[in-house]
Amino acid sequence: MSKAMVDRFGRIHTSLRIGVTDRCNLRCRYCMPEQVEFLPRAEILTFEEIERVTRVAVRLGVDKARITGGEPLVRRDVSELVARLAQIDGLDEIALTTNGLLLEEHAEELKRAGLDRLNVSLDTVRPDVFRQWTRRDELARVLRGLDAALRAGFTRIRLNALAIRGLTEDEIVPLVEFARDRRVEVRFIEFMPIDADRQWNEKAVLTGAEIRKRIEQKFGPLRSRSRPDPAQPAADFELADGTRIGLICSVTEPFCEQCNRLRITAEGQLRNCLFSQQGWDLRSLLRSGADDDALAEMMRACVAAKKRGHGTDEPYMLRPDRAMYQIGG
Ligand code: SAM
Ligand code: SF4
């Protein structure tokens with residue numbers, strides 16, 4: 001059972017993204033409609049089930065897990081899940097992606113539970129723009145959450161900012177200044193065709209190259225930093241003062257060749273790509289009393305079926321039937 005998860009293109013899968021809920025306390029326009037029918041609780045994997053899946057994945061070579069959603073911090077006691085995962089031998093890093101709203105309450109317990117890394121999604125530092133995009137007037141809470149996380153001792157916080165043409169150009173410079181002041185890294189992410197309202201079109205992609213140009217016009221040349229992990233999606237740069245900036249060019253420069261990720265959705269479907277049309281029903285297997293070997297076999301089958309690329313650059317690409325919050329962004 002210790003055989004690694006390798007796909008047809010030789011990619012070894014060592015990273016597991018765990019969706020813990022499809023619920024959220026924001027309604028970012030690009031991600032979630034205002035009225036949403038959430039999954040019934042009974043359909044969501046329990047912490048015991050998630051822990052078991054992760055243990056099996058670790059035996060198959062996974063060494064990093066990222067907890068996401070929906071908004072992972074709206075799931076009650078998520079730090080208990082972190083603590084369970086932190087006990088797993090061989091899992092070297094546990095990370096969590098959050099909108100930051102509940103960090104003020106939870107940062108310390110997450111740190112204590114053994115969370116290694118935090119990514120906080122923040123597309124703007126202007127309250128009115130934040131309210132317009134997320135449909136909630138909560139920027140101040142996010143900023144307090146971020147400060148709480150810094151105080152709790154999270155040192156490698158990254159801000160993730162989505163970039164959409166016609167909308168976010170004016171946010172780039174203030175976000176870099178904000179990140180510089182807080183000594184955190186900021187990464188800009190190209191808009192992907194996996195939005196709730198199907199508003200995506202190629203023209204809406206504000207490209208990494210354009211973002212770079214804007215940053216350099218204001219702050220001077222960006223120096224490339226070497227990538228500690230070749231599978232990481234961001235191209236890493238820094239300003240002369242050491243401020244770290246990442247560009248995730250998922251659309252214009254897909255990083256599928258290095259992709260090492262396997263996903264499990266909140267309701268226990270395995271997915272081998274954000275853009276996959278297919279899910280593998282691990283929950284049924286779990287709840288039918290299957291043994292770990294059977295779970296491992298399904299994980300391997302899912303990875304084996306992975307396509308070469310996500311295909312967003314292909315004209316005939318089929319868009320997934322789900323938005324990011326339903327898969328686990
Ligand atoms: N709620 C958490 C948060 O916002 O950080 C975690 C889940 S959210 C789906 C994860 C990330 O997906 C966020 O940084 C968000 O900006 C990003 N995202 C959502 N829809 C996207 C899209 N269509 N293209 C690119 N990124 C997207
Ligand atoms: Fe919620 Fe994150 Fe989606 Fe925004 S991007 S609606 S915070 S899940």
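The structure under discussion appears in the preceding block.
Everything numeric in this text was worked out from a predicted model, so none of it was measured.

Chemist: Can you help me understand the overall build of the protein chain in this one?
Modeler: Scanning the protein chain from N- to C-terminus turns up 10 helices and 12 strands. The C-alpha atoms of the protein chain give 19 Å as radius of gyration, which agrees with the globular expectation for 329 residues (20 Å, within 12%). Taken over the C-alpha atoms alone, the protein chain extends approximately 55 × 45 × 40 Å along its principal axes. Expressed as a percentage of its 329 residues, the buried residues of the protein chain come to 55%. Taking all contacts inside the protein chain whose residues are at least 6 apart in sequence as the whole, residues at least 24 apart take part in 74%. When the accessible surface of the protein chain is summed, it comes to about 14,800 Å², and 46% of that surface belongs to carbon and sulfur atoms.

Chemist: In this structure, what is going on with the sheet that holds strand E10 (residues 261–264)? I would like to understand it.
Modeler: Taken in spatial order, the 12 strands line up as E7-E8-E9-E6-E5-E4-E3-E2-E1-E10-E11-E12 in an open sheet, and their pairing is mixed. Edge positions in the sheet fall to strand E7 (223–224) and strand E12 (280–281), since each of these pairs with one other strand and no more. Here strand E1 (residues 15–19) pairs with strand E2 (residues 64–68) via 5 bridges, running parallel. Residue pairing across strands places arginine 17 opposite arginine 66, the latter belonging to E2.

Chemist: Explain the site of ligand 2 here, please?
Modeler: Taken together, the residues surrounding ligand 2 are Cys24, Leu26, Cys28, Cys31, Met32, Gly70, Asn99 and Tyr325. For the shell around ligand 2, the residue count by class is 6 nonpolar, 2 polar and no charged.

Chemist: What should I look at first to understand the packing of aromatic side chains in this one?
Modeler: Between two aromatic rings, the relevant description is the distance of the centres plus the angle of the planes. Summed over all chains, the structure comprises 0 aromatic pairs. One Lys or Arg, lysine 111, reaches over the ring of phenylalanine 154 and ends 4.9 Å from the middle of that ring.

Chemist: How should I be thinking about the site of ligand 1 in this particular structure?
Modeler: The local shell around ligand 1 holds 17 residues, among which Gly70, Glu71, Thr98, Ser121 and Met192 are the closest. Side-chain polar atom of tyrosine 30 to an oxygen atom of ligand 1: 3.4 Å apart, as the coordinates give it. One nitrogen or oxygen atom from the main chain of glycine 70 is found 3.0 Å from a nitrogen atom belonging to ligand 1. Against a free-state accessible area of 550 Å², the protein chains account for coverage of 95% of ligand 1. Here the shell around ligand 1 is composed, by residue class, of 6 nonpolar, 8 polar and 3 charged.

Chemist: Teacher, can you tell me more about the nonpolar core here?
Modeler: Nonpolar side chains in soluble globular proteins generally cluster together in the buried interior. Grouped together as the largest cluster of nonpolar side chains are 84 residues, with contacts concentrated most on Phe188, Ile215 and Met299. Non-local contacts of isoleucine 215, meaning those with residues more than four positions away in its chain, are made with Ile172, Val176, Phe188, Gly220, Leu222, Leu239 and Ile245. Residues Leu162, Ile189, Phe191 and Ile248 belong to the second largest nonpolar core, which totals 15 residues.

The rules behind the values
Residues numbered from 1 in each chain as written. Chains lettered and ligands numbered in written order. Predicted model: local features only at pLDDT ≥ 70, side-chain atom pairs only at ≥ 80, totals over all residues. Heavy atoms only, no water. Helix = DSSP H or I, 4+ residues; strand = E, 2+ residues; numbered from the N terminus. Rg over C-alpha atoms; globule rule 2.2 N^0.38 Å. Buried < 20%, exposed > 50% of the residue type's maximum accessible area, 1.4 Å probe, protein only. Contact = heavy atoms within 4.5 Å. Areas by Shrake-Rupley, 256 points an atom, 1.4 Å probe, with all protein chains shown as cover. Pairing = 2+ DSSP bridges. Near = heavy atom within 4 Å. Nonpolar A, V, L, I, M, F, W, Y, C, P; charged D, E, K, R; others polar. Phe/Tyr/Trp six-rings, centres within 6.5 Å; stacked < 30°, edge-to-face > 60°. Lys NZ or Arg CZ within 6 Å of the ring centre and 35° of its normal. Polar contact = N/O pair within 3.5 Å; in protein donor to acceptor, adjacent residues only side chain to side chain. Core = buried A, V, L, I, M, F, W, Y, C linked by side-chain atoms within 4.5 Å.

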